Amino acid sequence: MQIILTHFGSPLPIYLEDTFKQIRYFSNLPVYFLSDQEIPEFAAEYGVEWFNCRNMDKDYQALSKMGHPNNDFWCLTAKRLWYLADFTEQFNLTDSIHFENDVLIYVDPLNIKQSLKSTYENIGITRGTALDCMTGFMYLAKPNSLKLFTQFAEELLNDSKRLGEQGYEMLHEMALLGSYLKQNKPELCDLLPSLPFGPLSKNLDKVYWLFDPASWGQYKLGTHSNPTPGWMEHKHFIGHELIKKTVAIEWHTIDGLKKPFVINTSNAGIYPLANLHVHSKLLYQGLSK
């Protein structure tokens, strides 16, 4: 099992050391970082193995059909999934964990490995809205799990009007992943639970943890444009429930580490959150110590 992170096309984010720091509060798993940027000095302190992807650069033709310039943000966020697919297949990696760099984890993935393996045949992913899936947390069971997705995505990009027919207004990796999930083939892609009830609670009885696509972190730690707590959005499943006050989120300190928990306000049920997607980029506010 390993954690694989990526970054392409721009200078490394200033909060990246906090990402690594938080990982090491909870896990000693190998951490691989795929990037076209030079390795920072602090990577060695956290035992991060850096892979310079300039040496494995490929021209992913399908991505040119996204309608964005090659250096566009949305092209790069999609491109990282193609790199990740090639990397896991090339090195025959099983049980891989991937999340975006503005994510803090609050669990050792090794502690949930067996429940993930027994629940997901290929991809377990977080879903934010009726249309979009986010890589707030992603589990890849097999070396070719993500390659199956990129093959699907390339077919979709060659017939992009199919996305419009599904209601997508913009072409990005969240739409591609959302369309993949909407095939309703859990053997290929299935939900990581994000709520204690309703459609986003699927697999909670098997995994026992909740996972944040984006909304829990946005509510607790703010957004990039408004970095204060309390952000809620009706079209987000989680935001909708927060607005209705059916759920809440609070910090608990356990064994000296600050961790987030979701509360079901109807029955006081409490559920641990495996991660927070810190859209505000102020990761230091969510560090466990």
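For clarity, every value in this text was computed on a predicted model and none was experimentally measured.

About the thresholds
- Residues numbered from 1 in each chain as written.
- Predicted model: local features only at pLDDT ≥ 70, side-chain atom pairs only at ≥ 80, totals over all residues.
- Heavy atoms only, no water.
- Helix = DSSP H or I, 4+ residues; strand = E, 2+ residues; numbered from the N terminus.
- Pairing = 2+ DSSP bridges.
- Axes fitted to C-alpha atoms, helices over the stretch in contact; angles between N-to-C directions.
- Contact = heavy atoms within 4.5 Å.
- Expected span 1.5 Å × (residues − 1).
- Buried < 20%, exposed > 50% of the residue type's maximum accessible area, 1.4 Å probe, protein only.
- Polar contact = N/O pair within 3.5 Å; in protein donor to acceptor, adjacent residues only side chain to side chain.
- Core = buried A, V, L, I, M, F, W, Y, C linked by side-chain atoms within 4.5 Å.
- Arc of directions from axis to C-beta.

1. Details of unusual backbone geometry
Of note in this structure, D95 is not a glycine but carries a positive phi near 55°. Relative to the helices and strands, D95 resides in the loop between α3 (73–90) and β4 (96–98). Phi at K245 takes a positive value of approximately 65°, unusual for a residue other than glycine. Assignment of secondary structure puts K245 in the loop between α10 (237–244) and β9 (247–254).

2. Thoughts on the sheet that holds strand β8 (residues 189–191)
The mixed open sheet is built from seven strands, whose spatial order is β3-β2-β1-β4-β7-β6-β8. Two strands in the sheet have a free side with no partner beyond their single neighbour: β3 (48–52) and β8. Between one strand axis and the next, the sheet turns through 25° on average, direction left out of account. Alignment of strand β1 (residues 2–7) against β4, held across three bridges, turns out to be parallel. The residue bridging Q2 from the neighbouring strand is S96, located in β4.

3. Re the environment of G239
Within the secondary structure, G239 is located in helix α10. Considered as a pair, G239 and P13 are 226 residues apart in the sequence and their alpha carbons are 27 Å apart. Setting aside residues no more than four positions away along its own chain, G239 makes contact with S215, M232 and E233.

4. Focus: helix α5 (residues 145–157)
Under the 1.5 Å per step criterion, the end-to-end length of α5 is 19 Å for 13 residues, consistent within 8% with the ideal 18 Å. Buried residues of α5: S145, L146, K147, F149, T150, F152, A153, L156 and L157, and no others. Elements that come into contact with the buried residues of α5 comprise α3, β6 (123–127), β7 (133–140), α6 (161–165) and α7 (173–181).

5. Regarding the environment of S27
Tracing the backbone through its elements, the reader meets S27 in the loop between α1 (16–26) and β2 (31–35). For S27, a relative accessible area of 2% puts it in the buried group. Each C-alpha atom of the pair S27 and N111 lies 9.3 Å from the other, and the pair is 84 residues apart in sequence. The residues touching S27, leaving out its near neighbours within four places in the chain, are D108 and P109. Within the structure, the side chain of S27 is placed 3.0 Å from the backbone nitrogen of L29, a separation counted as a polar contact.

6. Observations regarding the nonpolar core
Grouped together as the largest cluster of nonpolar side chains are 61 residues, with contacts concentrated most on W82, I123, L146, F149, L176, W216 and L276. Top contributing element to this core by residue count: α3, with eight residues. Once residues within four sequence positions are removed from consideration, F149 is found in contact with L81, I123, L176, L177 and Y180.

7. Focus on α10
Residues I238, G239, E241 and L242 constitute the buried set of α10. Buried residues in α10, looked at end-on, bunch into an arc of 165°, giving them a common side. Buried residues along α10 sit against α9 (215–221) and β9. Once α10 ends, the next one or two residues include K245, with phi positive near 65°.

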